4 protein chains.
Amino acid sequence: MLFLVLMAYISAMRPKIDPSGRKKSSFIEEARRRQIVRGAITTIAGGGLAQASLARIADDVGISKSVISYHFAGKDELIGEVINALLRDSNVFIRSWVDRADGARDRLRAYVEASFAFMAEHRENFAAMVDIWGSFGTVEAKRAFNATAYDPCRRHLEGILRAGQEEGVFRDFVPRTLATTIQGAIDGVMLQWVFDEDSVDLPGCAAELVTMFDLATRRLP
Amino acid sequence: MLFLVLMAYISAMRPKIDPSGRKKSSFIEEARRRQIVRGAITTIAGGGLAQASLARIADDVGISKSVISYHFAGKDELIGEVINALLRDSNVFIRSWVDRADGARDRLRAYVEASFAFMAEHRENFAAMVDIWGSFGTVEAKRAFNATAYDPCRRHLEGILRAGQEEGVFRDFVPRTLATTIQGAIDGVMLQWVFDEDSVDLPGCAAELVTMFDLATRRLP
Amino acid sequence: MLFLVLMAYISAMRPKIDPSGRKKSSFIEEARRRQIVRGAITTIAGGGLAQASLARIADDVGISKSVISYHFAGKDELIGEVINALLRDSNVFIRSWVDRADGARDRLRAYVEASFAFMAEHRENFAAMVDIWGSFGTVEAKRAFNATAYDPCRRHLEGILRAGQEEGVFRDFVPRTLATTIQGAIDGVMLQWVFDEDSVDLPGCAAELVTMFDLATRRLP
Amino acid sequence: MLFLVLMAYISAMRPKIDPSGRKKSSFIEEARRRQIVRGAITTIAGGGLAQASLARIADDVGISKSVISYHFAGKDELIGEVINALLRDSNVFIRSWVDRADGARDRLRAYVEASFAFMAEHRENFAAMVDIWGSFGTVEAKRAFNATAYDPCRRHLEGILRAGQEEGVFRDFVPRTLATTIQGAIDGVMLQWVFDEDSVDLPGCAAELVTMFDLATRRLP
DNA sequence: TATGAATGAGTCTTCATTCAT
DNA sequence: GATGAATGAAGACTCATTCAT
């Protein structure tokens, strides 16, 4: 599998409705694509990426195998769209939540809470995400995924943190490093929760992280 | 692939040197097994689990494909041993480091520092681990992995935290939840670092986490 | 190989044209299946079941190896269909011949003659059958084959013999035992003929058996 | 597998103790060979020839796999010896039983009774034999097996029948054809019995065959 | 737009055989 | 005599993809 191709595709972040009408992009076309992408996520979440052959996905969706081939250039493009969808949905949700908060302290709290709120409602998405991580075989693919998935999050967080420092409500730290740490904490808890949802008290962890980051970013007196 | 079988195998945690002499377990036999396991880790880390066919592993190790089949019952057993090795090495290292520390506060710091120290020296291991995560397709397999991989870590951390509360140096919190959170933070940072080592300041994050946990667990005045 | 599965399949005796339209069962689909089954019989008859790999069968038929995988769930299903075809053809022929005879004595003669007539025209079928016999490794598989292959024949014969006793034209004997014996005699001659067609005078044996059974079932004066 | 080689080997019918001392043929050598041959028969009878890999046979016997390779030129020679052993034992037994009878009528009865008596005591042998039949892929191999296995039996029977005709106790028939038929009847019953021993009344069939052949060979008045 | 059919590359696995000890 | 180790050939099977309809 040429994940370079795949990642190039992801990076392009093709907007859903391209203004130029690049393709036919008929309504039915887009509906089918979304249906297939959604089905792929479910299949991947349910049995792992390795078991998610086109045949199985098609079967789960209830369509013929070749329909997928017709609507997607190949499996790489499909998985690319899946990743796209997973990242997009999550990012959109978190951003909208954060935008509603005032002040760096509240925005940080909002970021964490939104992350966990979205998680709780879309376990399937994250199960699929974890399954897909292992597919980024090459160094380039991994790096590309990092640029697409992690960097936007880190930049978002970094902005909040830096603003807080400028506002004078946060102590001294390297914003970028703390952003990495915070995002890491969120993802790490998510990871355990994906592996066994019963073993993790998700709301408890969310609250604990909020408390912790509040305590840990507070300006030292 | 019957990962239940695999995970049962993992859970058994077959000690390397079985005292009963169940099999011959000749010296050369064990050496080969170790060589192959190590090679598999490298191959997986380098190209992803999906690309790590027995053929490629054998090729990387420089042996014939059937040598693997000779020394392992199948790919499942091999991957089982790989997981085993990954978990074992990490746990042994961290525990030995923690044991050398005095007091809950220092032990917590030691836990975090050891985790990052081991990481820094064994990036390949963690790349392989992330690749393997996606293989646990079924719910049972995921749960089994959780029990094998995460639970021991959480229990270890939980012990440290609870002791600290009893010593009176830690504030009030749910030890289990905080343990999940701390382990999550470590793993989440590791994850980003695996995806792009240049984008993460590993020592910086380690220091930040140590600081954060110190600030966040401190008994409030 | 799970011959239990296979035999379950055989026992089901799936009718060629399923009325419910369970699957599409398109014309071309059925044609291909029949082509492959026929080719498999030839290949098996020609070189033994052990040598009848999917590759060789495909080669003999003149198609790609994966075409077989496409039309059959696996080798087990293919061999199942082969057995099915072998038994079906033979049974249909014999029954139609017997049905045209009047009276128990003539029906018995018809049974023997039909068996040999069919044999003579379909040596390949019986060569394949003999080759397949050795594949029923487990006791269960053997028993299942017995139930599918031998029992119907014995019951058919048994019915003829019992009717003859009731008609008063046959002497006293255990119908079931004699049925086993008669069927055995037919198959045993067939066996030698399969191993070396030149060493067996098939029509002579047929005539001899007819005579023998006539003499041996005659009501003693 | 070169069954030509195998059959050539069988045909040679290597006497157990070769007078010329062709090989070392030490005592231990012969004992091992017999042990392995016996084990092979059991393994074949238990799971079919296809499952009877050298590894499994060795395992069942409780020796290392390479011991077989050491004592036999290859699997072909082993199977050759197995067939040899199967045929030899049976023939020796039947001949000795027949030799004890007086007169053609009694000798024929003895032949049938001996065949069934040996069968009843050595079901494993015949199960193995049936399994092996399918291995004779080529026409030459089948023919060779016919020459080795069937021809001696038919000649033996033929002799008895012809003598009976000369004595004037048997009616007119082609001895060779009737011999084929009688041997066929015995083997055919055996076959059903191998497939499901519970579905065949072996003593009943033996008695029925004795009666039948007596009635059917009797000189017509 | 949809799909049944076909296919070649690649996967794991089994196996008989060879060889050094 | 015996055997652990190694190996290449061959097996069944899966899969993404292509193509004609």
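What you see is a predicted model; the values in this text were computed from it and never measured. (Residues numbered from 1 in each chain as written. Chains lettered and ligands numbered in written order. Predicted model: local features only at pLDDT ≥ 70, side-chain atom pairs only at ≥ 80, totals over all residues. Heavy atoms only, no water.)

Attention shifts here to the overall build of chain A. Of regular secondary structure, chain A possesses ten helices and zero strands. Helices and strands appear in chain A in the N-to-C order α-α-α-α-α-α-α-α-α-α. Taken over 221 residues, chain A has a buried fraction of 56%. Sequence-distant contacts, at least 24 apart, represent 70% of the contacts inside chain A between residues at least 6 apart. Of the accessible surface of chain A, which amounts to about 9700 Å², a share of 55% is contributed by carbon and sulfur atoms. (Helix = DSSP H or I, 4+ residues; strand = E, 2+ residues; numbered from the N terminus. Buried < 20%, exposed > 50% of the residue type's maximum accessible area, 1.4 Å probe, protein only. Contact = heavy atoms within 4.5 Å. Areas by Shrake-Rupley, 256 points an atom, 1.4 Å probe, with all protein chains shown as cover.)

The next subject is the interface of chain C and chain D. Think of interface size as the accessible area that goes away when the parts come together; that is how it is often given. Taken together, the contact between chain C and chain D spans 51 residues of the former and 52 residues of the latter. Overall, the association of chain C and chain D removes approximately 4200 Å² of surface from exposure, summing both partners, and the carbon and sulfur fraction of that is 61%. For the chain C face of the interface with chain D, the top three residues by lost area are K142(C), Q192(C) and F195(C), together amounting to 18%. At the surface where chain C touches chain D, the tally comes to six salt bridges. Between the two partners, chain C and chain D, sit 17 residue pairs in polar contact (both at pLDDT 80 or more). Looking at the side of chain C that touches chain D, the element that brings in the most residues is helix α9 (residues 175-195) of chain C, giving 14 residues. (Buried area = accessible area lost by both parts, 1.4 Å probe. Salt bridge = Lys/Arg side-chain N within 4 Å of Asp/Glu carboxyl O. Polar contact = N/O pair within 3.5 Å; in protein donor to acceptor, adjacent residues only side chain to side chain.)

What follows concerns the protein's contact with DNA strand E. Residues in contact with DNA strand E amount to 30 residues; listed here are only the nearest, V67(A), K75(B), S26(C), V67(C) and H71(C). In DNA strand E, atoms within 4 Å of the protein come from the sugar-phosphate backbone in 61% of cases. At 3.4 Å from a phosphate oxygen of DNA strand E is found a side-chain nitrogen or oxygen belonging to S53(B). A distance of 2.9 Å separates a phosphate oxygen of DNA strand E from a polar backbone atom of L54(B). Top element by residues in the surface near DNA strand E is helix α4 (residues 65-71) of chain A. It accounts for five residues. Taken together, the residues of the surface near DNA strand E sort by class into seven nonpolar, 14 polar and nine charged. (Near = heavy atom within 4 Å. Nonpolar A, V, L, I, M, F, W, Y, C, P; charged D, E, K, R; others polar.)

Let us look at the side chain of D196(D). Looking at the element boundaries, D196(D) is found in the loop between α9 (175-195) and α10 (202-217). Its relative accessible area of 10% is what places D196(D) among the buried residues. Discounting residues that sit within four places of it in the chain, D196(D) has contacts with R143(C), N146(C) and R123(D).

On to the interface of chain A and chain B. Taken together, the contacts link 52 residues of chain A with 51 residues of chain B. Buried surface at the junction of chain A and chain B, summed over both partners, amounts to about 4200 Å²; 60% is from carbon and sulfur atoms. Contact with chain B buries surface across chain A, with K142(A), Q192(A) and F195(A) losing the most and accounting together for 18% of the total. At the junction of chain A and chain B, the tally comes to six salt bridges.

This part covers the pattern of salt bridges. Taken as a whole and assessed by the stated rule, the structure comprises 61 salt bridges over all chains. As a salt-bridge pair, R143(D) and D196(C) come within 3.7 Å of each other at their nearest N and O atoms. Remark: D196(C) occurs in the loop between α9 and α10 (202-217) and R143(D) occurs in helix α8 (residues 139-167); the pair is interchain, linking two chains. A relative accessible area of 37% places R143(D) in the partly exposed class. Linked through salt bridges whose partners overlap, the residues forming this network are D151(A), R154(A), R155(A) and R176(A).

So, on to the relation of the copies chain C and chain D. The transform that puts chain C on chain D rotates by 179° and translates by 0.0 Å along the axis, for an RMSD of 0.1 Å. On the angle and the small slide along the axis, the relation comes out as a two-fold axis. Judged by C-alpha distance, A185(C) is the residue of chain C that lies nearest the rotation axis, at 1.7 Å. A shared interface surface links the copies, since 98% of the contact residues of chain C are contact residues in chain D too. (Least-squares fit on C-alpha atoms with pLDDT ≥ 70 in both.)

Moving on, we come to the protein's contact with DNA strand F. Around DNA strand F, a shell composed of 32 residues is seen, among which S26(B), S66(B), V67(B), H71(B) and V67(D) lie nearest. A breakdown of the atoms of DNA strand F within 4 Å of the protein gives sugar and phosphate a share of 64%. In this structure, L54(A) approaches DNA strand F through a main-chain N or O atom, which is 2.8 Å from a phosphate oxygen. Take S53(C): an N or O atom from its side chain is 3.3 Å from a phosphate oxygen of DNA strand F. Those elements that place two or more of their residues in the surface near DNA strand F are α4 of chain A, α2 (27-47) and α4 (65-71) of chain B, α4 (65-71) of chain C together with α2 (27-47) and α4 (65-71) of chain D. Each residue belonging to the surface near DNA strand F can be placed in one class, and the counts come to eight nonpolar, 14 polar and ten charged.

By the definition in use, this model includes 40 aromatic pairs over all chains. For the ring pair F136(A) and F145(A), a centre distance of 4.7 Å and an interplane angle of 25° mean the geometry is stacked. Given a relative accessible area of 1%, F145(A) falls into the buried group. In textbook terms, an aromatic cluster arises when at least three aromatic residues are bridged by ring pairs, as seen for W133(A), F136(A), F145(A), Y150(A), F195(A), W133(B), F136(B), F145(B), Y150(B) and F195(B). Taking the ring centre of W193(C) as reference, the NZ or CZ of R123(C) above it sits at 5.3 Å. (Phe/Tyr/Trp six-rings, centres within 6.5 Å; stacked < 30°, edge-to-face > 60°. Lys NZ or Arg CZ within 6 Å of the ring centre and 35° of its normal.)

Okay, the nonpolar core next. In terms of nonpolar packing, the biggest core is built from 145 residues, with W133(A), L78(B) and W133(B) touching the most fellow members. Not counting residues within four places of it along the chain, the set of residues in contact with L78(B) comprises I36(B), V37(B), A40(B), L54(B), I57(B), I68(B) and F72(B). A206(C), A40(D), V61(D) and F136(D) belong to the second-largest nonpolar core, a separate cluster that totals 142 residues. (Core = buried A, V, L, I, M, F, W, Y, C linked by side-chain atoms within 4.5 Å.)

Time to look at the confidence of the model for chain A. Residues and elements named next belong to chain A. For chain A, the average pLDDT comes to 87, and 88% of its residues sit at 70 or higher. Within chain A, no element has a lower average pLDDT than helix α1 (residues 3-12), which sits at 51, and none a higher one than helix α6 (residues 104-121), at 96. A low-confidence stretch, residues 13-23 (pLDDT under 50), is modelled with 13 contacts involving residues beyond four sequence positions or located in other chains. (pLDDT = per-residue confidence, 0-100.)

Relating one copy of the chain to the other requires a rotation about an axis plus a shift along that axis. In the superposition of chain A on chain B (RMSD 0.2 Å, axial shift 0.0 Å), the rotation amounts to 179°. Mapped onto chain B, 96% of the interface residues of chain A again fall at the interface, so both copies present the same surface.

All names here are of chain D. Packing of helix α6 (residues 104-121) against helix α7 (residues 123-133) leaves a shortest axis separation of 5 Å and a crossing angle of 95°. In terms of their interaxial angle, α6 and α7 are classed as roughly perpendicular. Between α6 and α7, the contacting residues are F118, M119 and E121 on the first element and R123, N125 and F126 on the second. (Axes fitted to C-alpha atoms, helices over the stretch in contact; angles between N-to-C directions. Parallel < 35°, antiparallel > 145°, perpendicular 65-115°, else oblique.)

Turning our eyes to something else, we now look at helix α10 (residues 202-217) of chain A. Under the 1.5 Å per step criterion, the end-to-end length of α10(A) is 22 Å for 16 residues, consistent within 8% with the ideal 22 Å. Among the 16 residues of α10(A), twelve are classified as buried, and the element is accordingly described as predominantly covered. Those residues of α10(A) that sit buried are L202(A), G204(A), C205(A), A206(A), E208(A), L209(A), V210(A), M212(A), F213(A), L215(A), A216(A) and T217(A). For α10(A), the elements touching its buried residues are α6 and α9 (175-195) of chain A together with α9 (175-195) and α10 (202-217) of chain B. (Expected span 1.5 Å × (residues − 1).)

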